[in-house]
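As a plain string of letters, each chain reads:
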Amino acid sequence: MTAAAATGGPGGDDNGGGLRGALDQWLTDVRAGQLGSLPIIVGLIIIAIVFQSQNDRFLTASNFVNLIVQSAAFATIAMGIVFVLLLGEIDLSVGYVSGVAGVIAAVLLIPDGNAVSAPVAIALALGSGIAIGTLHGLIITKIGIPSFVVTLAGLIAWNGVVLLLIGSRGTVVLQNSFLIGLANDFLPDSTSWLLWVLAVLIFAGVQLNEVRVRRKADLDHQPFTLIALQVGALALALGAVVYVANEDRGIPYLFLLVGFFFLLWSFVLGRTRFGRYVYAVGGNAEAARRAGINVDRIRICVFAICSFMAAVGGLVLASRLRSVDTNAGGGSILLYSIAAAVIGGTSLFGGVGHIKSAILGALVIASIDNGLGLLGLGSGEKFVITGGVLLLAVTVDSLSRRRLAQTGRA
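Residues numbered from 1 in each chain as written. Predicted model: local features only at pLDDT ≥ 70, side-chain atom pairs only at ≥ 80, totals over all residues. Heavy atoms only, no water.

Enquirer: So what's going on with unusual backbone geometry? Which residues, and what values?
Expert: The phi torsion at Asp-218 lies on the positive side, around 60°, for a residue other than glycine. Within the fold, Asp-218 resides in the loop between helix H9 (189-216) and helix H10 (224-246). The exposed category is assigned to Asp-218, whose relative accessible area is 56%. Despite not being glycine, Arg-322 has its phi angle at roughly 65°, a positive value. Tracing the backbone through its elements, the reader meets Arg-322 in the loop between helix H14 (295-321) and strand E2 (323-325). When its relative accessible area of 40% is taken as the criterion, Arg-322 is described as partly exposed. (Helix = DSSP H or I, 4+ residues; strand = E, 2+ residues; numbered from the N terminus. Buried < 20%, exposed > 50% of the residue type's maximum accessible area, 1.4 Å probe, protein only.)

Structural data, given as structure tokens:
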């Protein structure tokens, strides 16, 4: 079957079995080892069935909203991790970088007469993330120290900075309504449905514009039937999220925050020259260098993005907990964030992954943590099971790459 038949072809739609051709191509890719998000979606379904069978509160509206809020911090930090993993690098400092940002915002907003405005405090917190990531990137690229060593040193150093910033306060309780509301306020029902309509219309418009552009360039495009199915699936999925959330407290503002960054970074990776360069460097850095790509600049920018998203996650965590303390950025934040990116489908070998990996992986991590909590199990069981899921995800990735190599698609 030709590519034009599979995609509808220029000026065509389902003639020649466009939808059937697209399905056949997808099945061929799966058999060849290009599994995409299939394993993680199957995993989420299994997790939901298992936990619901053990505790009927797991799939309630209240717990669904809790899952959105609980997964938001991991998802935001994991989005930055995706960029780093695409280069075949690692960042072990993101946990305490998030802690630094959260503590900076909280300390600057203490109502002691020296407090700054919320926008200024948030801007400085996010700026600290960009500065830290840029510093890491410069050391890695200009001195040539492996990212594992640099960010491991950063993990220790930024933990010290958290302790220094907190000082003798011990715990700083947030009292700024804007920052607290980030993770604790919810949209009105009518606003949620309005945003649902806008999201579906925008997605449909983007898809149809893509067809227009490709037709104008006399290139193949997706069949209209497939586009209709995609729009319908998005409308159904988002509609279900809005309906279920509105049965409880409503859509949290964090959902919009995560959605914004998902769209932003998906656009950057999929539609910009910078995104293409990231995949190129991750696939083969030497080939990218010979093609004229400034590999060092790409690496520095990627580590800056990673630490920036860690800072966003730090603000989310501070808002959710309504406070920061000497353990800000510690605990399972680092491990869960990296695990989310890998479990969601981002390859540890570089060059393969998508921002949706962070979202899906964070849902898995939050679901496991939440479900085991409902069953009354402790941290030990949570870590063991999460570690097993992470190992399984890496195993699937390794086997998929081996299969791709055998079929000549690697």
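Continuing now.
Enquirer: Describe the pattern of salt bridges, naming the residues involved and giving the relevant values.
Expert: Counted under the stated rule, the structure contains seven salt bridges. One salt bridge connects Asp-296 with Lys-142, and the closest N-O pair in it is separated by 3.8 Å. Of this pair, Asp-296 sits in helix H14 while Lys-142 sits in helix H6 (residues 118-143), and the two are 154 residues apart along the sequence. Owing to a relative accessible area of 23%, Asp-296 belongs among the partly exposed residues under this scheme. For Lys-142, a relative accessible area of 56% puts it in the exposed group. When salt bridges with common partners are traced through the structure, they connect Glu-286, Arg-289 and Arg-290 into a single cluster. (Salt bridge = Lys/Arg side-chain N within 4 Å of Asp/Glu carboxyl O.)

Enquirer: Lay out the packing of helix H4 (residues 61-86) against helix H15 (residues 333-343) in plain terms, naming residues and giving numbers.
Expert: Between H4 and H15, whose axes approach to 8 Å, the crossing angle comes to 60°. With respect to the hand of their crossing, H4 and H15 are arranged in right-handed fashion. For the pair H4 and H15, the contacting residues are Phe-74, Ile-77, Ala-78, Ile-81, Val-82 and Leu-85 in the first and Ile-333, Tyr-336, Ser-337, Ile-338, Ala-340, Ala-341 and Val-342 in the second. The residue makeup of the contact of H4 with H15, split by class, is 12 nonpolar, one polar and no charged. (Axes fitted to C-alpha atoms, helices over the stretch in contact; angles between N-to-C directions. Left-handed = near helix turned anticlockwise from the far one by under 90°. Contact = heavy atoms within 4.5 Å. Nonpolar A, V, L, I, M, F, W, Y, C, P; charged D, E, K, R; others polar.)

Enquirer: Give a description of the side chain of Gln-207 that names residues and reports values.
Expert: Topologically, Gln-207 is positioned in helix H9. Looking at Gln-207, the relative accessible area reads 15%, which means it is buried. Beyond its immediate sequence surroundings of up to four residues, Gln-207 is in contact with Gln-222, Ile-227 and Gln-230.

Enquirer: I'd like a description of the layout of surface pockets, backed by residues and values.
Expert: In this model, the second largest pocket occupies a volume close to 480 Å³. Every residue lining the second largest pocket is counted, 27 residues in all, and those nearest its centre are Leu-317, Leu-321, Gly-330, Ser-332 and Ile-333. Every element with two or more residues in the lining of the second largest pocket is listed here: H4, helix H5 (94-108), H14, E2, H15, helix H16 (355-374) and helix H17 (379-406). The biggest single contributor to the lining of the second largest pocket is H14, with five residues. (1 Å grid on protein atoms, 1.4 Å probe; cavity = no way out; pocket = protein on both sides within 12 Å on 5 of 7 lines; lining within 4 Å. Points joined across faces, edges and corners; volume = space filled by probe spheres on them.)

Enquirer: With reference to specific residues and values, describe the nonpolar core.
Expert: Counting residues in hydrophobic clusters, the biggest one holds 96 residues, and the most contacted among them are Met-79, Phe-83, Phe-261, Trp-265, Met-309 and Val-324. If we ignore the near neighbours within four places in the chain, the residues touching Met-79 are Val-258, Phe-261, Phe-262, Trp-265, Met-309, Ile-355, Ala-358 and Ile-359. (Core = buried A, V, L, I, M, F, W, Y, C linked by side-chain atoms within 4.5 Å.)

Enquirer: Requested: an account of the packing of aromatic side chains, with residues and values cited.
Expert: The geometry of an aromatic ring pair comes down to the distance between the two centres and the angle between the two planes. Overall, the coordinates contain seven aromatic pairs when judged by the stated rule. Plain terms: the ring middles of Trp-193 and Trp-196 are 5.5 Å apart, the flat faces sit at 90° to each other, and that makes the pair edge-to-face. With Trp-193 and Trp-196 both in helix H9 and three residues apart, this pair spans about one turn of that helix. Relative to Phe-308, the ring of Phe-261 lies with its centre 6.1 Å away and its plane at 65°, an arrangement referred to as edge-to-face. In this pair, Phe-261 sits in helix H11 (residues 253-271) while Phe-308 sits in helix H14, placing the two residues 47 residues apart along the sequence. Residue Phe-261 is classed as buried on the basis of its relative accessible area, which comes to 7%. Judged by its relative accessible area of 16%, Phe-308 falls in the buried class. Feature note: the residues Phe-74, Tyr-336 and Phe-383 constitute an aromatic cluster, connected by ring pairs. (Phe/Tyr/Trp six-rings, centres within 6.5 Å; stacked < 30°, edge-to-face > 60°.)

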